[in-house]
Amino acid sequence: MIWEAELRSFFRCNHHHGGVRGLLPRCRRRKMRPLRGGPGAGADLAVLCCCFLLLSFLSHGADMPLGSSLSPAANSTSWSSPNSTFSLAFVPSPTSRSLFVAAVTYAGGVPVWSAGAGAAVDSRGSLRLSSSGDLQLVKGSGAVLWSSGTAGQGVAAAALQESGNLVLTNSRGRVLWQSFDHPTDTVVMSQSFTSGMNLTSGPYVFAVDRSGNLTLNWASAGAAPVTYFNKGYNNSFTAKKTVTLTMQTNGIVSLNDGSLVNPVVVAYSSNYAESGDMLRFLRLDSDGNFRAYSAARGSGTATEQWSAVADQCQVFGYCGNMGVCSYNRTSPVCGCPSRNFELIDASNPRSGCKRKTELQNCPGNSTMLQLDNTQFLTYPPEIAIEQFYVGITACRLNCLAARSCVGATALSDGSGLCWLKVSNFVSAYQSASLPSTSFVKVCFPGVPNPPVSTTNAWSPGTSGLHG
């Protein structure tokens, strides 16, 4: 077979040129100067042939020796798993086309892991396995942006396994570090996500605790963390053992602590038990929802099969600070509470809203503007200090009188609850089905949004809420 012949040729080169560690620097030097005639031309040609075989071998599932590196350059090789099911290479950053992320992707380009949790570098950056055994993401300036922290621990090589696991091993092949132990936002089949690990995406964090509870948290600088999803799936977990979340090959999302005969089912994917050459995986998306996906090999696209939060507008912070989430038919849209506000970034409806006139600029001249069928989302730990039992009028007046209160929600579900929002980040949800009335504090006069019926969609050029 061609591959067997290539392999034999590679090992002959490896032997005659001092091994991979000796050959790799010569390959780099050889690429920097043209081949010249003369007595040494034959040796140069031999080195070039060996370099070609080395680079070909390294890109098809072989171990990456110390000194190996990747760059965003168009002609840079990738590190691939044995059957090219996964590859590690630089891909354009989702936030800027001029920046690049070192990512493990499934065949077709679906990302499943990234160095530094999505940290991006410019075109002069690199991902390198240093001579000390440290895997490093390096900026174009030479500064290390992220590293595996394995310098001096005996790392001899890196490899990308057929499971999608990027591993660093010693000279005996023992795994010293692996990406499966340091997930970013995704869990693939055969990967164990255990209590104590986190998935992160922007301000959102997903975790599983030892009681088997799945939790979703919003955490932003300068604000207290908010838990907007916390659900247990089995009361037999004792909190004394490590709980593992798994995406099974048949599409079942399950939990186990090692003591159960059968895993606890969290969810069945919509295409449960369907066969095919595909990857199933779980991902914490940038919108704060935790979902199950499947992707056919080579398609480059993933299809949602389940989501933890059925109502996207209940994800805290989805529309940014002071943003209001509603639905335009079936899709969530973002807007502002009233015309007293405007979007922070008109090109990004999820950026949140800001007052056109700040409250401190109208002392003694503020008012409470009524928002029908609207709730200011209130989750732990905020609910412990923001929840009161008062009627709708007292709810409005108490907020108006309190300098720290920016909004209030009076529930009309018979509970008698009132939420007084005193936090510095407020997230709201508006729907005709919500049994609640909210009030937002603004400088007088309050200018309500136009009626919903006047438009069918949210427009980035307006600061109002439309559904």
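We now turn to the structure provided with this report. The structure displayed is predicted, hence computed values, not measured ones.

## What about unusual backbone geometry?
Pro381 follows Pro380 through a cis peptide bond whose omega is 0°. With respect to the helices, strands and loops of the structure, Pro381 is situated in the loop between strand E31 (374-376) and helix H4 (383-386). A cis amide bond links Phe444 with the next residue in sequence, Pro445, at an omega value of 0°. Inspection of the secondary structure assignment puts Pro445 in the segment after strand E36 (436-443). Even without a glycine there, the phi angle at Ser84 is positive, about 60°. Judged by its relative accessible area of 37%, Ser84 is partly exposed. At Met322, a residue that is not glycine, the phi angle is positive and equals roughly 65°. Counting through the fold element by element, Met322 comes out in the loop between strand E25 (303-307) and strand E26 (323-328). Judged by relative accessible area, Met322 falls into the buried class, the value being 8%.

## Some points on the layout of surface pockets
Empty space within the largest pocket amounts to approximately 810 Å³. Looking at the largest pocket, it is lined by 35 residues, and the ones nearest its centre are Pro94, Gly118, Asp185, Ser201 and Ser286. Contributions of two or more residues to the lining of the largest pocket are made by strand E4 (86-92), strand E5 (100-106), strand E6 (110-114), strand E16 (199-201) and strand E23 (278-284). Sort the elements by how many residues they give to the lining of the largest pocket and E6 lands first, with four residues. Across the lining of the largest pocket, the residue classes tally to 15 nonpolar, 15 polar and five charged.

## A few points about the packing of aromatic side chains
Two aromatic rings are characterised by how far apart their centres lie and by the angle between their planes. In total, this model carries 14 aromatic pairs according to the counting rule given. Ring centres of Trp218 and Phe425 lie 4.3 Å apart, and the angle between their planes is 45°; on these two criteria the pair is classed as tilted. With Trp218 in strand E18 (residues 213-218) and Phe425 in the loop between strand E34 (417-421) and strand E35 (427-430), this pair connects stretches of sequence that are 207 residues apart. Across the pair, Phe425 and Trp218 agree in class, each one buried. Judged by centre distance (6.2 Å) and plane angle (90°), the ring pair of Phe290 and Trp306 falls under edge-to-face. Residue Phe290 is found in strand E24 (residues 290-296), and its partner Trp306 is found in strand E25; the two are separated by 16 residues along the sequence. On the basis of relative accessibility, which here comes to 0%, the residue Phe290 falls in the buried class. One aromatic cluster is present, built from ring pairs that chain together Phe193, Phe206, Phe290 and Trp306. The ring centre of Tyr293 lies 4.4 Å from the NZ or CZ of Arg283, which sits over that ring.

## Observations regarding the nonpolar core
The biggest cluster of nonpolar side chains holds 77 residues, and the ones touching the most others in it are Leu127, Phe206, Tyr228, Leu245, Leu255 and Phe290. Ignoring sequence-local partners within four residues, the contact set of Leu127 consists of Ser68, Ser69, Leu70, Leu88, Phe90, Ala102, Ala115, Leu135, Gln136, Leu137 and Trp146. Met322, Leu343, Leu369 and Leu371 belong to the second largest nonpolar core, which has 14 residues in total.

## A short note on empty space enclosed by the protein
Throughout the structure, instances matching the rule amount to one cavity of 30 Å³ or more. Counted as a void, the largest cavity has a volume near 60 Å³. Around the largest cavity, the lining residues are Val112, Trp113, Ser163, Gly164, Ser179, Phe180, Pro183, Thr186, Val188 and Gln191. Residues that form the lining of the largest cavity fall into these classes: five nonpolar, five polar and no charged. A domain split of the lining of the largest cavity shows at least three residues from each of domain 1 (64-181) and domain 2 (186-307).

## Some details on the side chain of Ser338
With respect to the helices and strands, Ser338 occurs in the loop between strand E27 (331-335) and strand E28 (341-343). Residue Ser338 is classed as buried on the basis of its relative accessible area, which comes to 0%. Here Asn340 takes part through its side chain, which lies 2.9 Å from a polar atom of the side chain of Ser338.

## Some points on the sheet that holds E26
A sheet is described by the order of its strands in space; here four strands give the open sequence E27-E26-E35-E31, paired in mixed fashion. Looking at the sheet topology across the chains shown, the edges are occupied by E27 and E31. Each neighbouring strand pair of the sheet contributes to a mean axis angle of 25°, computed without reference to strand direction. Bridge count for E31 against E35 is three bridges, and the pairing is antiparallel. Following the sheet pairing, Thr374 is matched in E35 by Gln430.

## Overview of a nonpolar patch on the surface
Residues Val265, Tyr268 and Tyr272 make up a contiguous nonpolar surface patch of about 280 Å² in total accessible area. For Val265, the location among the structural elements is in strand E22 (residues 264-268). Judged by its relative accessible area of 33%, Val265 is partly exposed.

Rules of the game
Residues numbered from 1 in each chain as written. Predicted model: local features only at pLDDT ≥ 70, side-chain atom pairs only at ≥ 80, totals over all residues. Heavy atoms only, no water. Helix = DSSP H or I, 4+ residues; strand = E, 2+ residues; numbered from the N terminus. Buried < 20%, exposed > 50% of the residue type's maximum accessible area, 1.4 Å probe, protein only. 1 Å grid on protein atoms, 1.4 Å probe; cavity = no way out; pocket = protein on both sides within 12 Å on 5 of 7 lines; lining within 4 Å. Points joined across faces, edges and corners; volume = space filled by probe spheres on them. Nonpolar A, V, L, I, M, F, W, Y, C, P; charged D, E, K, R; others polar. Phe/Tyr/Trp six-rings, centres within 6.5 Å; stacked < 30°, edge-to-face > 60°. Lys NZ or Arg CZ within 6 Å of the ring centre and 35° of its normal. Core = buried A, V, L, I, M, F, W, Y, C linked by side-chain atoms within 4.5 Å. Contact = heavy atoms within 4.5 Å. Domains from an automatic or database assignment. Polar contact = N/O pair within 3.5 Å; in protein donor to acceptor, adjacent residues only side chain to side chain. Pairing = 2+ DSSP bridges. Axes fitted to C-alpha atoms, helices over the stretch in contact; angles between N-to-C directions. Patch = residues over 30% accessible without salt bridge, like charges linked within 9 Å, V, L, I, M, F, W, Y side chains within 5 Å. Areas by Shrake-Rupley, 256 points an atom, 1.4 Å probe, with all protein chains shown as cover. Salt bridge = Lys/Arg side-chain N within 4 Å of Asp/Glu carboxyl O.

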